[in-house]
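Given next are the chains, with one letter for each unit.
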Amino acid sequence: MAIRRKKRLASGALAAAGAALLVGAVVTQPAAAVDLPHNSVAYFSAGKDLAGRQAPVDISNTDCQNLSEPALSAVNFTASNIEVYYNHDCRTGLPDKPGDWAYGLGSLHWANFAYPALSYRVVR
């Protein structure tokens, strides 16, 4: 009889811990509440979390495009990928430092950038 009681207590404690974890996961909100678009669109934003002025991306143009102002975030809800550069004229590397660094913003993704984005290229 004592064995059954221990099993019940252990399984009850396990169930309570699982329920607490589940409630915590449901109640927890992401650090950045971002209002994502619900249609096929791609654009860069001046602020983090897609806030601020927006610069639309012409998905049909695969040439290098310089942004009119630095962007701290972007969304790409299209079938194409976008290579993002931290230098003008799609030069790889970190800001003013040569290298092979570029950010790949995949299809159906959004991102905040570690450095201001200055140019991009659409990749098919």
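Position numbers for residues count from 1 along each chain, tracking the sequence in the order it is written. Local features in this predicted model are restricted to residues whose pLDDT is 70 or higher, and side-chain atom pairs enter the listing and the counts only when it is 80 or higher, whereas totals over whole chains, interfaces and linings include all residues. Side-chain metrics in this entry use all non-hydrogen atoms of the structure; hydrogen atoms and water are not considered.

**Comments concerning the side chain of T78**
Reasoning step 1: We count a stretch as a helix when DSSP gives it H or I for four or more residues in a row; a strand needs E for two or more, and each element gets its number in order from the N terminus. Turning to its location among the elements, T78 is positioned in the loop between β3 (65-77) and β4 (81-85).
Reasoning step 2: Judged by relative accessible area, T78 falls into the buried class, the value being 10%.
Reasoning step 3: Two N or O atoms form a polar contact when they lie within 3.5 Å of each other; inside protein one atom must be a possible hydrogen donor and the other a possible acceptor, and for residues adjacent in sequence the pair counts only when both atoms belong to side chains. One polar contact links T78 to N76, side chain to side chain, over a distance of 2.5 Å.
Reasoning step 4: Contacts between residues were defined by any pair of non-hydrogen atoms, one from each residue, lying within 4.5 Å. The contacts of T78, once residues within four sequence positions are left out, are S40, V41, A42, I59, S107 and L108. For every residue, the accessible area (1.4 Å probe, protein chains only) is compared with the maximum for its type, and the residue is labelled buried under 20%, exposed over 50%, or partly exposed between those bounds.

**What about the pairing of β4?**
Reasoning step 1: One bridge is not enough; two strands pair if DSSP finds at least two bridges between them. Pairing analysis gives five bridges linking β4 to strand β6 (residues 109-123), with the strands arranged antiparallel. For N81, the partnering residue across the bridge sits in β6 and is V123.
Reasoning step 2: Where β4 lies against strand β5 (residues 103-105), three bridges are found, and the strand directions are antiparallel. If you follow E83 over to β5, its bridge partner there is G104.

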